[in-house]
Amino acid sequence: MAYYNNDQLLKYFEKNMKQVAEENIETLKLEIKKLYQKEMSKVQEALSIKHELEKNREIKSLMVTHQEKINHLGIEYDETLMNLRKNMVADIFETVTKKIKTFMTTKSYLASMSQKINAYTDQFPHENLMIHIQGADQVLGDYIKQTYPSLELHIHPNILIGGFLLTVKDQSIEFDQTYDAILKNQKDVFLQTSKLFVRD
């Protein structure tokens, strides 16, 4: 068995203590490092979740704003399209109206109206018939006065183009032979078949 003096024992203990302390310090450092990494991972995960939530909120807000803008643009586009279609239809039927009024200055117009009036005067007694015409349609008015003096003739404020509205007084029957009615019917058919959806 080896014998040590006090100095040797002191140095031995110091050496062992230093070795054990260094080992404990290294172990402690490793534990602290692990704990630090673990806590930092939690912090980073929390920050990542917070960032993701904020990002999602921002994206949702942008999507809502973007959708609102799209909806607004869609409404404006629909209104613009409706107005364009409405103006297009108005132009078409304004042109047709002008052509009808030009036709009303011809002999063919008077011949057409005469044929239609004759069809009714052949069916009903003249004293039971009342005819309404457009105020400016002097040609037709003069023709009716000369050809059918027994017919009751009136100006109708709702006839804006031409033709006539004939009423059988004792039967409350009305025959609409106005170009206004014909044009309205044609316009309705046109709107249904042309795929031009026009808002009134």
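Up top you'll find the structure we're talking about.
What comes next is a walk through the structure.

Calculation criteria
Residues numbered from 1 in each chain as written. Predicted model: local features only at pLDDT ≥ 70, side-chain atom pairs only at ≥ 80, totals over all residues. Heavy atoms only, no water. Helix = DSSP H or I, 4+ residues; strand = E, 2+ residues; numbered from the N terminus. Buried < 20%, exposed > 50% of the residue type's maximum accessible area, 1.4 Å probe, protein only. Pairing = 2+ DSSP bridges. Axes fitted to C-alpha atoms, helices over the stretch in contact; angles between N-to-C directions. Contact = heavy atoms within 4.5 Å. Phe/Tyr/Trp six-rings, centres within 6.5 Å; stacked < 30°, edge-to-face > 60°. Arc of directions from axis to C-beta. Right-handed = clockwise from strand over helix to strand, strands pointing away. Core = buried A, V, L, I, M, F, W, Y, C linked by side-chain atoms within 4.5 Å.

## Thoughts on the overall build of the protein
Looking only at helices and strands, one finds four helices and four strands in the protein. Going residue by residue from the N terminus, the α and β elements of the protein occur as α-α-β-α-β-β-β-α. Counting every position in the protein, which comprises 200 residues, the buried fraction comes to 22%.

## Observations regarding the sheet that holds strand β2 (residues 152-155)
Read across the sheet, four strands follow the order β2-β1-β3-β4 without closing on themselves; strand pairing throughout is mixed. With partners counted over all chains shown, the strands left at the sheet margins are β2 and β4 (173-178), one partner each. Going from strand to strand, the sheet's axes swing by 20° on average, the running direction of each strand aside. Relative to strand β3 (residues 163-168), strand β1 (residues 129-133) is paired through five bridges, and the arrangement is antiparallel. Residue pairing for β3: H132 is matched across the bridge by L165. Relative to the sheet, helix α4 (residues 179-193) contacts β3 and β4, its axis offset from that of β4 by approximately 75°.

## Remarks on the packing of aromatic side chains
Throughout the structure, instances matching the rule amount to six aromatic pairs. Centroid distance Y109 to Y179: 5.8 Å. Interplanar angle 40°. Geometry classified as tilted. Taken as a pair, Y109 in helix α2 (residues 107-121) and Y179 in helix α4 lie far apart in primary sequence, 70 residues in all. Residue classification places Y109 among the buried positions, given a relative accessible area of 0%. By relative accessible area, which is 10% here, Y179 ends up buried.

## Examining the environment of I155
Along the polypeptide, I155 turns up in strand β2. Given the relative accessible area of 51%, I155 is considered exposed. C-alpha of I155 to C-alpha of A136: the two residues are 19 residues apart in sequence and 9.0 Å apart in space. If sequence neighbours within four positions are ignored, I155 has contacts with H132, I133, Q134 and G135.

## What to know about helix α3 (residues 138-147)
Considered for burial, the residues of α3 that qualify are L140, G141, Y143 and I144. All buried residues of α3 lie within an arc of 165° about the axis, which places them on one face of the element. Pointing more than 90 degrees away from the buried face of α3 are the exposed residues Q138, K145 and Q146. Looking at the buried side of α3, the elements it contacts are α2, β1, β2 and β3.

## Considering the pairing of β1
Counting buried residues in β1 gives five out of five residues, a clear majority hidden from the surface. On β1, burial covers both faces: L129, I131 and I133 on one face and M130 and H132 on the other are all buried. In this region the chain leaves β1, passes through α3 and returns to the parallel neighbour β2; the handedness of that crossover is right-handed.

## Considerations on the side chain of T97
Looking at the secondary structure, you find T97 in helix α1 (residues 6-103). Owing to a relative accessible area of 17%, T97 belongs among the buried residues under this scheme. Leaving out residues up to four positions away in the same chain, T97 has contacts with I161 and L183.

## Description of the side chain of H132
With respect to the element layout, H132 can be found in strand β1. Since its relative accessible area comes to 14%, H132 is described here as buried. Ignoring sequence-local partners within four residues, the contact set of H132 consists of H154, I155, H156, I159, G163, F164 and L165.

## Regarding the nonpolar core
Core analysis: the largest hydrophobic core is formed by 23 residues, its most contacted members being I117, I131, L140, I144 and F164. Broken down by secondary-structure element, the contributors of at least two residues to this core are α1, α2, β1, α3, β3 and α4. It is α2 that provides the largest number of residues to this core, a total of four residues. Here I131 is in contact with I117, I144, L151, E152, L153, H154, F164, L165 and L166, once residues within four sequence places are set aside.

Keep in mind that these numbers describe shape and distance, not what the molecule does.
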